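Notes for the structure review
Spelled out, the chains give:
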Amino acid sequence: MRVYDANTESIVSIVGAYSGLLARGVGMTLVLTLLGFTAGFAIALLLTVTRYMAPRPARILAQAYIDLFRGTPMLVQLLFIFFALPSLGVQLSAFQSAAVALGLNSGAYQAEILRVAIKGLPEEELHVAESLGLTGWQTMRHVVLPQAVRASLPGLTNEAVMLLKDSSLASVIGVMELTRAGEYMVSTSFKALQSLGIVALVYLVLSAIFYKAFRAVERRTAIPGFQNL
Amino acid sequence: MQAMGRPVLEVRDLHVHYKGHHAVRGVSLTVGDGERLVVMGPSGAGKSTLVKAIPRLVEPTSGTILLEGECVSCADRKTLRRLRARMGYVPQSYSLFPHLRVIDNIVLPLVRVHKLPKKAAVERAMRHLEMLGIGGLASRYPAQLSGGQRQRAALARALALDPAILLLDEPTSALDPESRSSVVDALYRIARSGRSMLIVTHEADFALQVADRLVFMEEGRIVVMAPPGEALRHERVKQFLSSILEN
């Protein structure tokens, strides 16, 4: 029986040989993740305000958006944006398609995270806001959203880490992010175990950094003495 | 028995269906200028629903509500907001926004609704906090306060808005005995200031000493509405107050 022994010298030499590629891959992964998360957050806020304050037709459209992007695979969404939109006159580069797909998809999930947080607010608090004479928008802006966003931070942390991993789908349309860098390393070094092991380790480290960063945000924005939802 | 002075608040034949229940059945009352109307009754009598229905936080099914002669029950959204800002509603819990400091809880409606400049709003807020003995807690968050301090802060906010009437829904019921006494003291101070008040409470001593008229509600209806001395002659009121005082 042949026993394979992991060659650590080989791992170090692979990292050395492909350090530039790995760095570019990490950079692209982070850019896609941050763009996708930020755009997703803006979309989620818009969807949330629409769901609670807009006329019924707009609320129905907002819900339809959320159902569409949560009900279809992100890979299909990405392929549609890159391959199908050109036939409708919208031509986006691979990078642009990936960023748009991540943003649109994440917006739907983040909107649901915010919805759950808002649902957890006591009804009495909203009565108090109304009784003070605050408008719907003032209540949303000064009472609901500041609490809902804080309460959503754990869920948003998970969403950010999911996006980090989902950004690997961009490799399918040729974006040179971390996973595609790993594929290139495999095809040129013929050391799949070491190459993909390195890529997986880098994702793990990035995930840990994301968790720590969001935890720091949670601590900084925590309300003294108050346990959020 | 007629209310003192011109009515600040008039409620005529109010019916409210709330959570599948006919909670308020044909209630009519008035609160005069500077009058203190205390509402008592057993749990489920419809007292809280009545207080919430007056600013239409719970939508009445039928009936008329007038504040200083203006129709609350038929007001459009913009008018309703303006009229609500003239009523100082304080619920029994969740009365402060937890993510804002005490001072900001008061400044927010003063700036956003009453359009006061920030500096003037802060000064007014501090004045009312100091009046209720909690000026030193202005920069704290609600979770850092005791229940009694929170309710006093909520009362300070309601007063700072200079309302035509205070609507207080069991302001002491969610509190421990120590906190309760500090809030009751604050209520006495407010009552002596001549502010029109409609207050739902189980504090029998406070009710008997402060009320110009006592309203006893049961099963959504007013059973008695009279000055305390007269209300106490009613058998059901005597029974209810005895049971509270025993506890």
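Residues numbered from 1 in each chain as written. Chains lettered and ligands numbered in written order. Predicted model: local features only at pLDDT ≥ 70, side-chain atom pairs only at ≥ 80, totals over all residues.

Residues and elements named next belong to chain B. With respect to topology, 6 strands assemble into an open sheet ordered 6-7-8-3-9-10, the strand pairing being mixed. The two strands at the open ends of the sheet, each matched to only one other strand, are strand 6 (87-90) and strand 10 (221-226). Sheet twist, expressed as the mean angle between neighbouring strand axes with direction ignored, is 15 degrees. In the sheet, strand 9 (residues 213-218) pairs with strand 10 via 5 bridges, with the strands oriented antiparallel. Bridge pairing in strand 10 links F216 to V224. (Pairing = 2+ DSSP bridges. Helix = DSSP H or I, 4+ residues; strand = E, 2+ residues; numbered from the N terminus. Axes fitted to C-alpha atoms, helices over the stretch in contact; angles between N-to-C directions.)

On to helix 5 (residues 147-160) of chain B, then. Residue and element names in this part refer to chain B. When the terminal C-alpha atoms of helix 5 are compared, their 20 Å separation across 14 residues agrees well with the 20 Å that a helix rising 1.5 Å per residue should span. Taken across its 14 residues, helix 5 has 13 buried, putting it largely inside the fold. A positive backbone phi angle near 50 degrees is found at D162, which sits one or two residues after helix 5. (Expected span 1.5 Å × (residues − 1). Buried ≥ 20, exposed ≤ 12 C-beta atoms within 10 Å, placed from the backbone.)

Residue and element names in this part refer to chain B. Annotation of chain B at the domain level lists domain 1 (1-86 + 165-247) and domain 2 (95-162). Averaged C-alpha coordinates put domain 1 and domain 2 at centres separated by 24 Å. Between domain 1 and domain 2, the contact holds 12 residues from the first and 12 residues from the second. Ranked by residues supplied to the side of domain 1 that touches domain 2, first place goes to helix 6 (residues 177-192) with 6 residues. When its residues are assigned to classes, the side of domain 1 that touches domain 2 shows 8 nonpolar, 2 polar and 2 charged. (Domains from an automatic or database assignment. Contact = placed C-beta atoms within 7 Å. Nonpolar A, V, L, I, M, F, W, Y, C, P; charged D, E, K, R; others polar.)

Below, the discussion takes up the nonpolar core. Formed by 124 residues in total, the largest nonpolar core has its most connected members in V38, L198 and V215 of chain B. If you tally residues by element for this core, the top one is helix 5 (residues 94-119) of chain A, at 13 residues. Taken together, domain 1 (1-86 + 165-247) and domain 2 (95-162) of chain B each give at least three residues to this core, which thus spans both. Once you skip the residues sitting within four places of it in the chain, L198 of chain B turns out to touch L9, V31, L37, V39, V51, I165 and L167 of chain B. Of all hydrophobic cores here, the second largest spans 8 residues; its members include L178, M185, I198 and V199 of chain A. (Core = buried A, V, L, I, M, F, W, Y, C linked by C-beta atoms within 7 Å.)

This brings us to the interface of chain B and chain A. Between chain B and chain A, the contact holds 23 residues from the first and 21 residues from the second. Looking at the side of chain B that touches chain A, the elements with two or more residues in it are helix 2 (77-84), strand 6 and helix 3 (102-112) of chain B. Looking at the side of chain B that touches chain A, its residues break down into 14 nonpolar, 4 polar and 5 charged.

What follows deals with unusual backbone geometry. Even without being a glycine, F190 of chain A presents a positive backbone phi close to 60 degrees. Mapped onto the secondary structure, F190 of chain A falls in the loop between helix 8 (178-189) and helix 9 (192-221). Even without a glycine there, the phi angle at K115 of chain B is positive, about 55 degrees. In this structure, K115 of chain B sits in the loop between helix 3 and helix 4 (118-131).

All right, on to the sheet that holds strand 5 (residues 70-71) of chain B then. All names here are of chain B. In space, the 4 strands of this open sheet follow the order 2-1-4-5, with antiparallel pairing throughout. Edge positions in the sheet fall to strand 2 (21-32) and strand 5, since each of these pairs with one other strand and no more. As paired elements, strand 1 (residues 7-18) and strand 2 share 9 bridges and run antiparallel to each other. Following the sheet pairing, L14 is matched in strand 2 by V27.

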